[in-house]
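Observations on the model geometry
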Amino acid sequence: MDPELTALAQSASLTLVTLMATDAWERTRDGVVDLWRRAWPERADVVAAELENTREDLGSDLTAGDELAVEWQGRIRRLLVDRPEVARELRSLLNELAPDVALAPTISQSATASGDSRIYQAGRDLRITER
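Turning our eyes to something else, we now look at the overall build of the protein. When its secondary structure is counted, the protein shows six helices and zero strands. Tracing the protein from N to C terminus, the helices and strands come up as α-α-α-α-α-α. With the principal axes as the frame, the protein shows a C-alpha extent of 60 × 35 × 25 Å. Within the protein, the fraction of its 131 residues that count as buried is 34%. Residue pairs at least 24 apart in sequence account for 61% of intrachain contacts in the protein once pairs closer than 6 positions are excluded. Mean positive and mean negative side-chain charge positions of the protein (16 and 24 charges, respectively) differ by 4 Å.

Further remarks concern the nonpolar core. Counting residues in hydrophobic clusters, the biggest one holds 34 residues, and the most contacted among them are W36, L51, L80 and L90. Of all the secondary structure elements, the ones that give two or more residues to this core are α1 (3-19), α2 (25-39), α3 (44-60), α4 (65-82) and α5 (86-97). The element contributing the most residues to this core is α1, with seven residues. If we skip the residues at most four places from it in the chain, L90 touches L8, A12, L35, I76 and L80.

Considering all chains together, one arrives at one aromatic pair under this definition. Ring centres of W36 and W72 lie 6.2 Å apart, and the angle between their planes is 85°; this geometry places the pair in the edge-to-face category. Of this pair, W36 sits in helix α2 while W72 sits in helix α4, placing them 36 residues apart in sequence. Side by side, W36 and W72 carry an identical accessibility label, which is buried. A cation over an aromatic ring shows up here: R43 above the ring of W40, its NZ or CZ 3.8 Å from the ring centre. The lysine or arginine in question, R75, covers the ring of W72, its NZ or CZ lying 4.4 Å from the ring centre.

As a further point, take α1. The terminal C-alpha atoms of α1, which comprises 17 residues, lie 24 Å apart, in line with the 24 Å expected from a rise of 1.5 Å per residue. Three or more residues of α1 are buried, namely L5, L8, A9, S11, A12, S13, T15, L16, V17 and L19. Structurally, the start of α1 carries an N-cap: the backbone nitrogen of E4 is 3.0 Å from a side-chain oxygen of D2.

According to the stated counting rule, one finds eight salt bridges in the structure shown. Taking the shortest distance from any N to any O, the salt bridge between E52 and R29 comes out at 3.0 Å. Of the two residues, E52 is situated in helix α3 and R29 in helix α2; the sequence distance between them amounts to 23 residues. Relative accessible area serves as the criterion here: at 27%, E52 is assigned to the partly exposed category. We note a salt bridge from R37 to D45, for which the minimum N-O separation is 3.7 Å. On the accessibility criterion, R37 (38% relative accessible area) is partly exposed. Under the relative-accessibility criterion, D45 is labelled exposed at 60%.

The rules behind each value
- Residues numbered from 1 in each chain as written.
- Predicted model: local features only at pLDDT ≥ 70, side-chain atom pairs only at ≥ 80, totals over all residues.
- Heavy atoms only, no water.
- Helix = DSSP H or I, 4+ residues; strand = E, 2+ residues; numbered from the N terminus.
- Buried < 20%, exposed > 50% of the residue type's maximum accessible area, 1.4 Å probe, protein only.
- Contact = heavy atoms within 4.5 Å.
- Lys, Arg positive; Asp, Glu negative; His and termini not counted.
- Charge placed at Lys NZ, Arg CZ, Asp CG, Glu CD.
- Core = buried A, V, L, I, M, F, W, Y, C linked by side-chain atoms within 4.5 Å.
- Phe/Tyr/Trp six-rings, centres within 6.5 Å; stacked < 30°, edge-to-face > 60°.
- Lys NZ or Arg CZ within 6 Å of the ring centre and 35° of its normal.
- Expected span 1.5 Å × (residues − 1).
- Polar contact = N/O pair within 3.5 Å; in protein donor to acceptor, adjacent residues only side chain to side chain.
- Salt bridge = Lys/Arg side-chain N within 4 Å of Asp/Glu carboxyl O.

Structure below.
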């Protein structure tokens, strides 16, 4: 899968689960269901029910957010693989619902070490104390 679509699915799923606990939930749910309705009309009602179930799960266990986001990442990824033209609409929806979250850059890191080398990577502050 295209790395850009993978990043979009990840960002969309995190944004979706984050917005489940906000006042923007109804607008978010309606936007996601409308997106599915245009891409896969036969699945829209199921997606609406799954969104509600996910929100209930999140309400009963606030620590489940990452797990629920991964589930939605898979659903959104499958949608984007089957219907890549939906990516533009999804980006637009994310920008409308949560512009600060949706525009945040996705950071990825990779490294290769050999021999006795060491690699230190961080997404933010890094403090190394070696003796």
